[in-house]
Amino acid sequence: MLAIALGLGAAVGIMPAAAQTFTEFMLPTASRPSAITTGPDGALWFTEAAGKIGRMTIDGSITEFPIKGGGVLHSITTGPDGALWLTEFTAKKIGRIPTTATVENLKLTEFAIPGSTGPLGITTGPDGALWFTGRQIAGSAGGRIIRLKLNQPHSFIVSS
């Protein structure tokens, strides 16, 4: 039995552990997937630490999109504009990829983050802006939460 607990161990629900089914999907190349999100096209999109973005249908068909220059891709989310937005930590960039991307034509647009902040997690906020966490790549160990407000499909203002 699997007990779901809240607070100081008080059980709020019990369900049989055997009722849960896990299915693993192997990636076609050696990689370390990091984050995953549902895209507006109904596919699952994920980042890979080896500098790739992956797209997987729920039947397990996987397409990998290499990012020029590699880099450490960390997080991914569906943005308010219907595109996928990802964080490139070591390159200090935010990337945008439409769901119409192909391996031959990735259509990746990258935006440099000012200063020495490397972006990590990213999500769409209730205000329609993109919000991401970041930390200094060198020097100070300080962290930040940064709001990225989309003005037009391919431009933004970064405010922290």
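Use the structure listed above.
The following paragraphs examine the structure supplied in this document. (Residues numbered from 1 in each chain as written. Predicted model: local features only at pLDDT ≥ 70, side-chain atom pairs only at ≥ 80, totals over all residues. Heavy atoms only, no water.)

### Let's talk about the sheet that holds strand E7 (residues 73-78)
Taken in spatial order, the four strands of this open sheet run E7-E8-E9-E10, and their pairing is antiparallel. The open sheet has two edge strands with one neighbour each: E7 and strand E10 (109-112). The average angle at which neighbouring strand axes cross in this sheet is 20 degrees, direction not considered. Bridge count between strand E8 (residues 84-88) and strand E9 (residues 93-97): five bridges; the pairing is antiparallel. Counterpart to Leu86 in the pairing with E9 is Gly95. (Pairing = 2+ DSSP bridges. Helix = DSSP H or I, 4+ residues; strand = E, 2+ residues; numbered from the N terminus. Axes fitted to C-alpha atoms, helices over the stretch in contact; angles between N-to-C directions.)

### Topic: the side chain of Lys52
Its place among the elements puts Lys52 in strand E5 (residues 52-56). Take Lys52: its relative accessible area is 14%, and that puts it in the buried class. Residues contacting Lys52, with those up to four places away along its chain left out, are Thr29, Ala30, Phe46, Thr47, Glu64, Phe65, Pro66, Ile67 and Leu73. (Buried < 20%, exposed > 50% of the residue type's maximum accessible area, 1.4 Å probe, protein only. Contact = heavy atoms within 4.5 Å.)

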